[in-house]
Amino acid sequence: MDFESYDVLVVGGGLAGIRAAIAAVEANPRARVGMVSKVYPMRSHTVSAEGGAAAVMASNDSYETHAFDTIKGSDYLADQDVVEAFVREAPVEVIQMEHWGCPWSRNPDGTIAVRPFGGMTTWRTCFAADKTGFHMLHAVFQTSLKYEQIIRHDEAFVTKLLIEDSRCVGVVALDIRTGRFDAITAKSVILATGGLGRVYAFTTNGNICTGDGMALAYRAGVGLKDMEMVQFHPTGLPFTGILITEAVRGEGGYLFNNQGERFLKRYVPNKMELGPRDIISRAMITEFEAGRGFEGPHGKYMHLDVRHLGEDVIDRKLPFMRELGREFMGIDIVHDPIPVRPVQHYMMGGVDSDISGATPVLGLYAAGECANVGLNGGNRLGSNSLSECLVFGAAAGRAAAYYASSAKPVTANPVDAMLWDEARRVETEYLEKKTGTERIAVIREEMQKEMDTGAGVFRDRDGLSRLARNLGGLRDRFERIKIDDSSRTFNTEVLAALELDFMLEVSTAIAFSALAREESRGAHARRDFPERDDAKFLKHTLAFRTNALAPRLEYRDVKITNFQPQARSY
Amino acid sequence: MADKTLSIKATRFDPQHDEKPRLQSYEVPFYDESMVVLDALNYIKSHVDGSLSYRWSCRMGICGSCGMMVNGVPKLTCSAFLRDYWPRPVVVEPLNNFPIIRDLVIDMDDFMHKLKAIKPWIIRKQDIPLGAGEHRQTNEQIDDFRQFSQCINCMLCYAACPVYGLNGEFLGPAATALGRRYNLDSRDEGLKIRLPVIAEAEGIWECSFVGECSVVCPKGVDPAKAIQQTKLDTTLRFVLPYGSRE
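Keep in mind that what you see is a predicted model, and the values were worked out from it rather than measured.

Procedures and definitions
- Residues numbered from 1 in each chain as written.
- Chains lettered and ligands numbered in written order.
- Predicted model: local features only at pLDDT ≥ 70, side-chain atom pairs only at ≥ 80, totals over all residues.
- Helix = DSSP H or I, 4+ residues; strand = E, 2+ residues; numbered from the N terminus.
- Rg over C-alpha atoms; globule rule 2.2 N^0.38 Å.
- Buried ≥ 20, exposed ≤ 12 C-beta atoms within 10 Å, placed from the backbone.
- Pairing = 2+ DSSP bridges.
- Axes fitted to C-alpha atoms, helices over the stretch in contact; angles between N-to-C directions.
- Contact = placed C-beta atoms within 7 Å.
- Core = buried A, V, L, I, M, F, W, Y, C linked by C-beta atoms within 7 Å.
- Domains from an automatic or database assignment.
- Parallel < 35°, antiparallel > 145°, perpendicular 65-115°, else oblique.
- Left-handed = near helix turned anticlockwise from the far one by under 90°.
- Nonpolar A, V, L, I, M, F, W, Y, C, P; charged D, E, K, R; others polar.
- Expected span 1.5 Å × (residues − 1).
- Arc of directions from axis to C-beta.

Caption draft 1: Geometry of the overall build of chain A. Scanning chain A from N- to C-terminus turns up 15 helices and 24 strands. Its C-alpha atoms give chain A a radius of gyration of 22 Å, within 12% of the compact-globule value 25 Å for 570 residues. Each principal axis of the C-alpha distribution contributes one length, and for chain A these read about 65 × 55 × 50 Å. Out of the 570 residues belonging to chain A, those deemed buried represent 63%.

Caption draft 2: Geometry of the sheet that holds strand 5 (residues 90–93) of chain B. Residues and elements named next belong to chain B. Pairing in this open sheet of five strands is mixed, and the strands run 2-1-5-3-4 from one edge to the other. Each edge of the sheet is formed by a strand with only one pairing partner; in this case those strands are strand 2 (22–29) and strand 4 (73–76). Adjacent strand axes in the sheet meet at a mean angle of 35 degrees, parallel and antiparallel pairs treated alike. In the sheet, strand 1 (residues 5–12) pairs with strand 2 via eight bridges, with the strands oriented antiparallel. Across the sheet, the residue bridging to Ala 10 is Gln 24, located in strand 2. Each of strand 1, strand 2, strand 3 (67–70) and strand 5 is contacted by helix 1 (residues 37–48), which is oriented at about 95 degrees to strand 2, the strand it contacts most.

Caption draft 3: Layout of the nonpolar core. Of all hydrophobic cores here, the largest spans 267 residues; its most connected members are A:Val8, A:Ala20, A:Val171, A:Val189, A:Ile190, A:Leu191 and A:Tyr365. Excluding its chain neighbours within four sequence positions, the residues that come into contact with A:Val8 are A:Ala24, A:Ala31, A:Val33, A:Ala186, A:Ser188, A:Ile190, A:Ala400, A:Ala401 and A:Ala404.

Caption draft 4: Focus on the domain arrangement of chain B. You can read the domains of chain B as domain 1 (5–106) and domain 2 (109–239). At the interface, eleven residues of domain 1 of chain B touch 13 residues of domain 2 of chain B.

Caption draft 5: How the structure looks around the sheet that holds strand 5 (residues 125–126) of chain A. Residue and element names in this part refer to chain A. Here we have three strands laid out as an open sheet, ordered 3-5-4, and antiparallel in their pairing. Whereas interior strands pair on both sides, the edge strands pair on one side only; in this sheet they are strand 3 (53–54) and strand 4 (114–115). Relative to strand 5, strand 4 is paired through two bridges, and the arrangement is antiparallel. If you follow Val 114 over to strand 5, its bridge partner there is Cys 126.

Caption draft 6: View of the packing of helix 2 (residues 63–73) of chain A against helix 3 (residues 80–99) of chain A. Residues and elements named next belong to chain A. Between helix 2 and helix 3, the least distance of the axes is 9 Å, while the angle of their chain directions is 135 degrees. Judged by the angle between their axes, helix 2 and helix 3 are oblique. The handedness of the crossing between helix 2 and helix 3 comes out as right-handed. For the pair formed by helix 2 and helix 3, the contact residues are Tyr 63, His 66, Ala 67, Thr 70 and Ile 71 on the first element and Gln 80, Val 83, Glu 84, Val 87 and Arg 88 on the second. Class assignment for the residues of the contact of helix 2 with helix 3 results in five nonpolar, three polar and two charged.

Caption draft 7: A look at the domain arrangement of chain A. Residue and element names in this part refer to chain A. Parsing chain A into structural domains produces domain 1 (3–230 + 346–413), domain 2 (237–342) and domain 3 (418–549). Between the C-alpha centres of domain 1 and domain 2 there is a distance of 29 Å. With 21 residues of domain 1 at the interface, the matching set in domain 2 holds 19 residues.

Caption draft 8: Helix 13 (residues 461–478) of chain A, seen in detail. Residues and elements named next belong to chain A. Over its 18 residues, helix 13 runs 25 Å from end to end, which matches the ideal 26 Å to within 8%, given 1.5 Å per residue. Within the sequence span of helix 13, burial applies to Gly 463, Leu 464, Leu 467, Ala 468, Leu 471 and Leu 474. All buried residues of helix 13 project into a common sector of 135 degrees when viewed along the axis, lining one side. Residues of helix 13 that are exposed and angled more than 90 degrees away from the buried face: Asp 462 and Asp 476.

Written as structure tokens, this is what we have:
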């Protein structure tokens, strides 16, 4: 067992985490910054982001409209002071990425180009063709290699936060290659672990998106905020759930039902294909239920059609989509419509954190998808999340470095004991467990099916109550899991069990938070409460872990500055 | 269709117990034409043998985790369709030319060091301040380096490279291509700093025009071209007066 100590420790190596690490070093060049990630950083799920990063770049754009679009998109659950700070920082961060080598697509004069995106009233989404996340992640990761102060622990999985005297002083991490447990201590810790899409069966998210950071914070007593707010992207490929970017519609693609109708005219007549994701996903499900979807071997779907754009535009603006169509569907999008249906994509909810990423636990910060800083409210607008990773990753990195510069050093004694306890826990409950009967994959698949059914695009009390109850049953069965693999070397089965443990934790928080929000707002659509209820629910949900199945729920008023809630129509 | 099966032979190796790798056979139901080799591995891990170890994440050909040898050819297993192999058995092995950590998991530390060695970041004599805005760069200038920027670090090219197989000191296809990506970027001024690492490192002159790396690349990168261009860069540096090639 080893003992490493840092000023700032970042958990997660995606866009938010790496941006935070660089910001910490630039804020204090003498800081020692650690970064622990369960995969090599360039494998992080940022890599799959396609469409772009929103920022006010064009001369006809303004901070105020970006803020208003974001707040209206959030169905007024965003904290407006956070949104206002975000829109001002986003262009600075886009320029910073440019200086770090991101190959942004350009205007003819060589300036950074923008494209239209859903819910945005003007063109403000910067892009690198349709592989924006891939290019941003590789640019920021490769840039991070020049900072000798950033020490990476690749392929190490954090199982627990070290909390001493209500202060976060590091993590316990399992080194995947050797099976060794390490205490990695730090004066401050930044969670940047990404989303939790794998709690659903049908998701765009990669296998690594298992809500780790949210579960770690939840177990350390931090509230999870607005966990009922789960985004379903309208256009995923049937069977695989692979994301077809919103930029397809931004560039002019149409959505058709089986009648050959652009059905969005009944739902978002003024925006059509550029409506926000929550409303378009609901429109698609509504059409399916009315019998107006196509039927395929993998369920109902709609047609996303770009044939009228022509090969030249497709190859310049959407080359990856053409590649994905060819590879995974056997179609050429130049000549064939793309079959799509709504798919879990993003988590608006997350670790309760403020405008600088600080959580209520001293020394603990969060950024990116695992955090809820109050930017996205009930529904995130497409292309705001890559910018969020930059703006709030940088903010958390600076805040953590500043805090660390005056924080007391971490003492070894209590840390040693905590490390020993945690290593024993994982060894007894997972590695040395011989008596169980339940297969991890079976419990995971049942959880995913339950989540798809109970906490999908539309919800109601019966479905959510059943979901909560059934998650409790799965938690009981999880106590009796059977693990085939007893090796210490790259034991991905124990890893999958630890991830499932975290996923059961966060999915339960989703179910109970959704059950209690008896209104429809943003992505949370209750069939039994179809209206928004500002009198009762213009509030954030905060779920705190208890020893029972159900969390304790509290509510906090949304911060309103300049934009009074109004009816949300497009 | 429902009863169709396919046999998978996968490499098993646990350094704690095994002296050398062996192949283990599994029968996997082949129930959907969209199934890929990765789906078959996931079926085995979920329902047959939880101890089979391999890396994967995005399952859409962009994270670069799931490269393995499939019937002797380096492939991303998320994009290797079972229908292209059935009814023949599919042999899945760890990528060639790398040490094996466990089962299908390779040790790629060597590449991570080489990646850092080529200084894969924008180098400028003088940074421009953020307030000055972006560097102007046209889409045509991006075209100069675009293909080299598509590398997902999946290691298929290293598994296919005969030179890397013989000489581990060789910088190799992906790292050379990424060095080239920065050298060709109109914003970058680091060519002279990178050239000693890229061109004078071992191996580059042994690289022939075989181009196996470019054949197996799943992203259309042409590392063989990067290597040949780098040789030319180096030669020109001897021919041209010092400093005239930036």
